[in-house]
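Okay, here's what each chain looks like letter by letter:
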Amino acid sequence: MRGKKIIIGVCGGIAAYKIPQLVRLLKKRGACVRVALTDAGARFVSELTLATVSEEPLYRNIFPPTESEGVDYTRHISLGEWADALVIAPATANTLARLSAGLCDDMLAAIFLTLRPGKPVLIFPAMDGQMFLSPSVQRNIATLAAQGCSIVTPESGELASGICGIGRMPEPETLVAALEEALHERALSSPLYGKKVVVTAGPTREKIDGVRFISNYSSGKMGFAIARAAVERGALVTLITGPVHLSTPPGVERVDVESTAEMNAAAEGFFGSCDLFIGAAAVSDYRPAAPYEGKMKKDDEHIELRLVKNPDILAGFGRQKSASQLAVGFALETRTGLESARKKLTEKNLDLIAFNFFDRKTCGFDVDTNILTLIGSDGVATELPQLTKDEAAGKLLDAIEQRCLNNGL
Ligand code: CTP
């Protein structure tokens, strides 16, 4: 649960009073919890209580409280993209109907519609027993289950009306256990589960002298997103990274390096043992032949810096990989560089390459989105739209999972 981003959708049922306890239990396990409250939910549990226990603002309306604050064009979609899982508890008959119909009339509905495919949605209906068993509610539940939501049947017992019957929401501990199991199952079902994955990320630095270096604009965001997504699929991930300002995704083993030689040495240590090697680092192709000890003085009008070629880390892995190992790389090119990407795929003996052009606004270094074309060793190219780096990482891993399945790995 550590580091998992969970959204709890709280609807208008008496069981809403149990949700602050659920939030506390999840936070104790290290999850980040955000709450989306329906208007009816707010009549049962206060915004202040939920905001206090979650230590996050509450989410209710799609629209900002005052439009003069300026419009955030991603407000209605950013949470669905953020979340690793959505728990709707208690789920009322009304919200089940809204969600099964695809309505988008509050933040909870918007999150439901924009949650990334494959992320678990756990729904805990809680209401009067007759209402729960009514054909309308059962039809809506069946629709949501057919879409891949996990519907947890309510427990039987005394209901708020005093009547005994089905309809009670389970205790928060049971909700936590169900969520843990759902997150675990998702990982278990991935071909990457238990696989040893090495990802290189970020730039490398090549020393000119004691205080100066050659490097590039890479932020490391793409490599870190890949490492995070691979851990979520149950992989054992080692992230070998150049100097970046990013925190280590939970569950990832991180190795910090500076130069290409250091990155190469660290990577070589895993060549024989890893199942999958993903080269996402922007490696400096050349390094100064003779870095100056100390600080160079500006005495001369002209200086010449002689550079020598660095080892190609990914190609090194590609040369020696066995039939059960996969090699995946990126090809950073200008917009028209698809053929060059194909050439790199062949020359480095890769199973998959992500052709990545750069314009420094929507894709490439140090931006939050990317536009990739995935090319397999069979030559088939799949163009992806502009995506966040987290989404792009998910698509890349989907393609890798497919190759694992095709190759029986
Ligand atoms: N790569 C590597 N080691 C290097 C250079 C590149 O591991 N010394 C990897 C990158 O991580 C990436 C792929 O190889 O996955 C392609 O990198 P790219 O910079 O696009 O191409 P280069 O091979 O460096 O070729 P060029 O700079 O001529 O385009």
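Predicted, not measured: the structure shown is a model, and the values here were computed from it. (Residues numbered from 1 in each chain as written. Predicted model: local features only at pLDDT ≥ 70, side-chain atom pairs only at ≥ 80, totals over all residues. Heavy atoms only, no water.)

### What to know about the packing of aromatic side chains
Part 1 of the argument: Summed over the entire model, instances satisfying the criterion amount to four aromatic pairs.
Part 2 of the argument: Taken together, a centroid distance of 5.4 Å and an interplanar angle of 65° make the contact between phenylalanine 271 and phenylalanine 317 edge-to-face. Of this pair, phenylalanine 271 sits in helix α10 (residues 260–271) while phenylalanine 317 sits in helix α11 (residues 313–320), and the two are 46 residues apart along the sequence. Each member of the pair, phenylalanine 271 as well as phenylalanine 317, carries the same accessibility label: buried.
Part 3 of the argument: Ring pairing ties together the aromatic residues Phe271, Phe277 and Phe317, which thus form one cluster.
Part 4 of the argument: The ring centre of tryptophan 82 lies 4.0 Å from the NZ or CZ of arginine 34, which sits over that ring. (Phe/Tyr/Trp six-rings, centres within 6.5 Å; stacked < 30°, edge-to-face > 60°. Helix = DSSP H or I, 4+ residues; strand = E, 2+ residues; numbered from the N terminus. Buried < 20%, exposed > 50% of the residue type's maximum accessible area, 1.4 Å probe, protein only. Lys NZ or Arg CZ within 6 Å of the ring centre and 35° of its normal.)

### Examining the sheet that holds strand β4 (residues 121–125)
Part 1 of the argument: Taken in spatial order, the five strands make up an open sheet running β2-β1-β3-β4-β5, and their pairing is parallel. What marks the edges here is a single partner per strand, and that holds for β2 (32–37) and β5 (150–151).
Part 2 of the argument: With two bridges joining them, β4 and β5 adopt parallel strand pairing. Looking at β5, one finds that isoleucine 123 is bridged to isoleucine 151.
Part 3 of the argument: Together, β1 (5–10), β2 and β3 (85–91) form the strand contacts of helix α1 (residues 19–28), whose direction differs from that of β1 by roughly 175°.
Part 4 of the argument: The sheet contacts of helix α8 (residues 172–188) involve β1, β3 and β4, and relative to β4 the element is tilted by about 155°. (Pairing = 2+ DSSP bridges. Contact = heavy atoms within 4.5 Å. Axes fitted to C-alpha atoms, helices over the stretch in contact; angles between N-to-C directions.)

### With respect to the domain arrangement of the protein chain
Interface size is often expressed as the accessible area that is lost when the parts come together.
Part 1 of the argument: Once the domains are mapped, the protein chain shows domain 1 (5–189) and domain 2 (196–294 + 303–406).
Part 2 of the argument: For domain 1 and domain 2, the distance between their C-alpha centres works out to 38 Å.
Part 3 of the argument: In this complex, domain 1 contributes six residues to the contact, which on the side of domain 2 involves five residues.
Part 4 of the argument: Both faces considered, domain 1 and domain 2 share a buried interface measuring about 510 Å² in area, 35% of it formed by carbon and sulfur atoms.
Part 5 of the argument: At the junction of domain 1 with domain 2, the criterion picks out two salt bridges.
Part 6 of the argument: Notably, a salt bridge pairs lysine 119 with glutamate 232, separated by 3.8 Å at the nearest N-O pair.
Part 7 of the argument: For the pair domain 1 and domain 2, the interface holds one residue pair in polar contact (both at pLDDT 80 or more).
Part 8 of the argument: Of the residues assigned to the side of domain 1 that touches domain 2, the class counts are one nonpolar, no polar and five charged. (Domains from an automatic or database assignment. Buried area = accessible area lost by both parts, 1.4 Å probe. Salt bridge = Lys/Arg side-chain N within 4 Å of Asp/Glu carboxyl O. Polar contact = N/O pair within 3.5 Å; in protein donor to acceptor, adjacent residues only side chain to side chain. Nonpolar A, V, L, I, M, F, W, Y, C, P; charged D, E, K, R; others polar.)

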